[in-house]
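# Survey of secondary and tertiary structure
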Amino acid sequence: AQSVTQPDIHITVSEGASLELRCNYSYGATPYLFWYVQSPGQGLQLLLKYFSGDTLVQGIKGFEAEFKRSQSSFNLRKPSVHWSDAAEYFCAVGTTSGTYKYIFGTGTRLKVLA
Amino acid sequence: SQTIHQWPATLVQPVGSPLSLECTVEGTSNPNLYWYRQAAGRGLQLLFYSVGIGQISSEVPQNLSASRPQDRQFILSSKKLLLSDSGFYLCAWNPRRVWTEAFFGQGTRLTVV
């Protein structure tokens, strides 16, 4: 069965520090991978997506993610975190076995210290 | 451009009362539609998805049901709410037969008391 694991429930970083959020997926075929961000009480906004091609993808707000097939990972990175990046981040895999569905991880809540 | 609307934004309902949450999409046709529930520490759980009018697939057995009476309308319902139905409900859509990201509504915060 398809699944997504985000091993870090909470992460705290200082403003200006670098950030890496981990995501591992389990899916038998070529995955479609996504990172979303959610501010409190809001819907989800897409940060970036990977479908094929270059394994390093750039997204909005200075985020990037790298797809590593050998490790079944799609980690999200940002070189320098801003206080406004404090939010919850979700990794998701899109499945195409019959129907288009999105399987989400449990999320990582990011806290940024001033 | 396409937009997705969910309402109400917030709802407080007593145990045993009925529920109806509505989601509509504008600016597209024949979308795939999804209902997700978000509970603390559990991420987003896919509840239902629909590929067309009257076509509903349930992912998780529960106290809820979904309907799609029109192409761009998706309704989440319950006849009798349970305390465990509390959570943040999100509707989403994506274009049919085209792989892209899901587009989410702003969500409904449901508290069952």
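Each remark here, short or long, concerns the structure printed above.
Residues numbered from 1 in each chain as written. Chains lettered and ligands numbered in written order. Predicted model: local features only at pLDDT ≥ 70, side-chain atom pairs only at ≥ 80, totals over all residues. Heavy atoms only, no water.

With that settled, consider the interface of chain A and chain B. On the chain B side, the residues contacting the 23 residues of chain A number 24 residues. The largest per-residue losses of area from chain A upon contact with chain B belong to A:Tyr100, A:Lys101 and A:Tyr102, which jointly make up 35% of the total buried on that side. Across the chain A-chain B interface, the total number found is two salt bridges. For the pair chain A and chain B, the number of links is nine residue pairs in polar contact (both at pLDDT 80 or more). Looking at the side of chain A that touches chain B, the elements that each hand over two or more residues are strand 5 (32–38), strand 6 (44–50), strand 10 (87–95) and strand 11 (101–104) of chain A. Tallied by class, residues from the side of chain A that touches chain B come to ten nonpolar, ten polar and three charged. (Contact = heavy atoms within 4.5 Å. Buried area = accessible area lost by both parts, 1.4 Å probe. Salt bridge = Lys/Arg side-chain N within 4 Å of Asp/Glu carboxyl O. Polar contact = N/O pair within 3.5 Å; in protein donor to acceptor, adjacent residues only side chain to side chain. Helix = DSSP H or I, 4+ residues; strand = E, 2+ residues; numbered from the N terminus. Nonpolar A, V, L, I, M, F, W, Y, C, P; charged D, E, K, R; others polar.)

All names here are of chain A. Among the structural elements, Val 112 can be located in strand 12 (residues 108–113). For Val 112 and Leu 19, which are 93 residues apart along the polypeptide, the C-alpha to C-alpha distance reads 10 Å. Once you skip the residues sitting within four places of it in the chain, Val 112 turns out to touch Val 13, Ser 14, Glu 15, Val 81, His 82, Trp 83, Asp 85 and Ala 86.

As a further point, take the pairing of strand 5 (residues 44–52) of chain B. All names here are of chain B. Of all nine residues making up strand 5, seven are buried, and the element is well covered by its neighbours. By the bridge criterion, six bridges tie strand 4 (residues 31–38) to strand 5 in an arrangement that is antiparallel. If you follow Tyr 36 over to strand 5, its bridge partner there is Leu 46. Counting the residues in the hairpin turn of strand 4 and strand 5 gives five residues, including Gly 41, whose phi is positive at 75°. Here strand 5 folds back onto strand 6 (residues 55–58) in antiparallel fashion, the turn holding two residues, of which Gly 54 has a positive phi close to 75°. (Buried < 20%, exposed > 50% of the residue type's maximum accessible area, 1.4 Å probe, protein only. Pairing = 2+ DSSP bridges.)

Moving on: the pattern of salt bridges. Tallying each qualifying case throughout the model produces nine salt bridges over all chains. With a closest N to O distance of 2.9 Å, A:Arg22 and A:Asp8 form a salt bridge. In this pair, A:Arg22 sits in the loop between strand 3 (19–21) and strand 4 (24–26) while A:Asp8 sits in the loop between strand 1 (3–5) and strand 2 (10–14), placing the two residues 14 residues apart along the sequence. Among the ionic pairs, B:Glu101 bridges to A:Lys49, the shortest N-O distance being 2.7 Å. Here B:Glu101 is found in the loop between strand 9 (87–95) and strand 10 (103–104), whereas its partner A:Lys49 is found in strand 6 on a different chain. Looking at B:Glu101, the relative accessible area reads 11%, which means it is buried. Residue classification places A:Lys49 among the partly exposed positions, given a relative accessible area of 33%. Shared partners join several salt bridges into a network, and the residues in it are A:Glu64, A:Glu66 and A:Arg77.

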